[in-house]
Amino acid sequence: MFYWLLKYVVLGPVLKCLFRPDVEGLRHVPATGPVILACNHLSFSDSIFTPLIVKRKVTFVAKAEYFTGKGIKGWLMRQFFVGTGTIPVDRSGGKAARAALDTQLRVLRSGNIAGIYPEGTRSPDGRLYRGKTGVARLALESGAPVVPVALMNTDEIQPTGTLIPKIKRVRLRIGAPLDFSRYSSSVGDRFVERAVTDEIMYELMTLTGREYVDVYAASLKTSVEAPRPPAPAFTPLEDRAR
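Since the structure is predicted, the reported quantities are computational estimates derived from the model, not experimental observations.

1. Quick word on the sheet that holds strand β2 (residues 35-39)
So, point 1. Taken together, the six strands give an open sheet; going across it, the order is β1-β9-β8-β2-β6-β3, and neighbouring strands pair in mixed fashion. Two strands bound the open sheet, and with one partner strand each, they are β1 (22-24) and β3 (58-59).
So, point 2. One ladder, built from three bridges, connects β1 with strand β9 (residues 171-174); its direction is parallel. Looking at β9, one finds that Val23 is bridged to Leu172.

2. Things to note about the packing of helix α6 (residues 134-142) against helix α8 (residues 190-208)
So, point 1. The geometry of α6 relative to α8 is characterised by a closest axis approach of 8 Å and an angle of 105 degrees between their N-to-C directions. The angle between α6 and α8 falls in the class roughly perpendicular. The segment α6 lies against α8, with Val135, Ala136, Arg137 and Leu140 engaging Val192, Glu193, Val196, Thr197 and Ile200.
So, point 2. Considered class by class, the residues forming the contact of α6 with α8 number six nonpolar, one polar and two charged.

3. Observations regarding the pattern of salt bridges
So, point 1. According to the stated counting rule, one finds 10 salt bridges in the structure shown.
So, point 2. We note a salt bridge from Asp102 to Arg98, for which the minimum N-O separation is 2.8 Å. One end of the pair, Asp102, and the other, Arg98, are both in helix α5 (residues 96-109), four residues apart, so they sit about a helical turn from each other.
So, point 3. Overall, Asp102 belongs to the partly exposed group, its relative accessible area being 29%.
So, point 4. Judged by its relative accessible area of 35%, Arg98 falls in the partly exposed class.
So, point 5. Note that Asp155 and Arg210 form a salt bridge whose closest N and O atoms lie 2.9 Å from each other.

4. What about the environment of Pro88?
So, point 1. Residue placement: Pro88 occurs in strand β5 (residues 87-89).
So, point 2. What makes Pro88 partly exposed here is its relative accessible area of 41%.
So, point 3. Aside from chain neighbours lying at most four places away, what touches Pro88 is Ala62, Ala64 and Phe67.

5. Quick notes on the nonpolar core
So, point 1. Of all hydrophobic cores here, the largest spans 27 residues; its most connected members are Val29, Leu37, Cys39, Val54, Val58 and Ile113.
So, point 2. The element best represented in this core is helix α3 (residues 46-53), accounting for four residues.
So, point 3. Excluding residues that lie within four positions of it along the chain, Leu37 makes contacts with Val29, Thr50, Val54, Val58, Ile113, Ala114, Gly115, Ile116, Val147 and Val149.
So, point 4. Counting 21 residues, the second largest nonpolar core, distinct from the first, contains Ala136, Val146, Val196 and Ile200.

6. Some details on the confidence of the model for the protein chain
So, point 1. Per-chain confidence: the protein chain averages 87 in pLDDT, with 88% of residues scoring 70 or above.
So, point 2. A low-confidence stretch, residues 221-236 stays under pLDDT 50, and its non-local contacts, those more than four residues away or across chains, total 24 contacts.

7. Examining the packing of aromatic side chains
So, point 1. By the definition in use, this model includes four aromatic pairs.
So, point 2. Judged by centre distance (5.2 Å) and plane angle (75 degrees), the ring pair of Phe19 and Phe49 falls under edge-to-face. Of this pair, Phe19 sits in helix α2 (residues 12-19) while Phe49 sits in helix α3, placing them 30 residues apart in sequence.
So, point 3. What makes Phe19 buried here is its relative accessible area of 3%.
So, point 4. Taking the centre distance of 5.0 Å and the plane angle of 15 degrees together, the rings of Phe60 and Tyr117 count as stacked. Taken together, the residues span a long stretch of sequence, with Phe60 in the loop between β3 and β4 (61-63) and Tyr117 in the loop between β6 (113-116) and β7 (128-129) at a distance of 57 residues.
So, point 5. Assessed through its relative accessible area of 3%, Phe60 is described here as buried.
So, point 6. Here a set of aromatic residues connected by ring pairs shows up, and it is made of Tyr3, Trp4 and Tyr8.

The rules we used
- Residues numbered from 1 in each chain as written.
- Predicted model: local features only at pLDDT ≥ 70, side-chain atom pairs only at ≥ 80, totals over all residues.
- Heavy atoms only, no water.
- Pairing = 2+ DSSP bridges.
- Helix = DSSP H or I, 4+ residues; strand = E, 2+ residues; numbered from the N terminus.
- Axes fitted to C-alpha atoms, helices over the stretch in contact; angles between N-to-C directions.
- Parallel < 35°, antiparallel > 145°, perpendicular 65-115°, else oblique.
- Contact = heavy atoms within 4.5 Å.
- Nonpolar A, V, L, I, M, F, W, Y, C, P; charged D, E, K, R; others polar.
- Salt bridge = Lys/Arg side-chain N within 4 Å of Asp/Glu carboxyl O.
- Buried < 20%, exposed > 50% of the residue type's maximum accessible area, 1.4 Å probe, protein only.
- Core = buried A, V, L, I, M, F, W, Y, C linked by side-chain atoms within 4.5 Å.
- pLDDT = per-residue confidence, 0-100.
- Phe/Tyr/Trp six-rings, centres within 6.5 Å; stacked < 30°, edge-to-face > 60°.

Structural data, given as structure tokens:
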């Protein structure tokens, strides 16, 4: 209830008025059934703008520390994440990735939309980084279609480290759903999961038009310029009609 109150009464109308979302391909998000929204990650505000423009509820997961802050700031942050449908997950320890995956699987098995950032963290410099295979496992285990969502300029609106966003028109581009259900029997096959993940990242690279870097963003420090290896040649698992 709080989610819809924020989206349509308290916060949503104000954000739409200020940032005037320019969205291409919203029709690609299915009106019913489980869906995975695979988004590139440029800014903290990505988790605000994506649910804002999708008519259905979008559920992301976030580290539990966001929900345990003290004082007024901690309370406000907690209320914000709860209100935007974000689910806390303990990301400490070796079972953290599985906990996040299980949480999103429950969302999908309820016929809802799960949002995920395949890169695992925000891009340190605006480029697109290697995807982690969690998005592939989520797709293969659930059978849900993957809809690539390109956030085009949220790093300009709210660069990493800034608190107050710039008032600027936000742009999103949504691609056609990707169906990987034919590989459901390959759950746990790391080669298939890697290929599925790369295909998703290829779609995001095409939609965003941003340079692709074949290393994990988490392995880089934001203060150090990332290496610039040439973008690898992506080979789809099989030809798809365009």
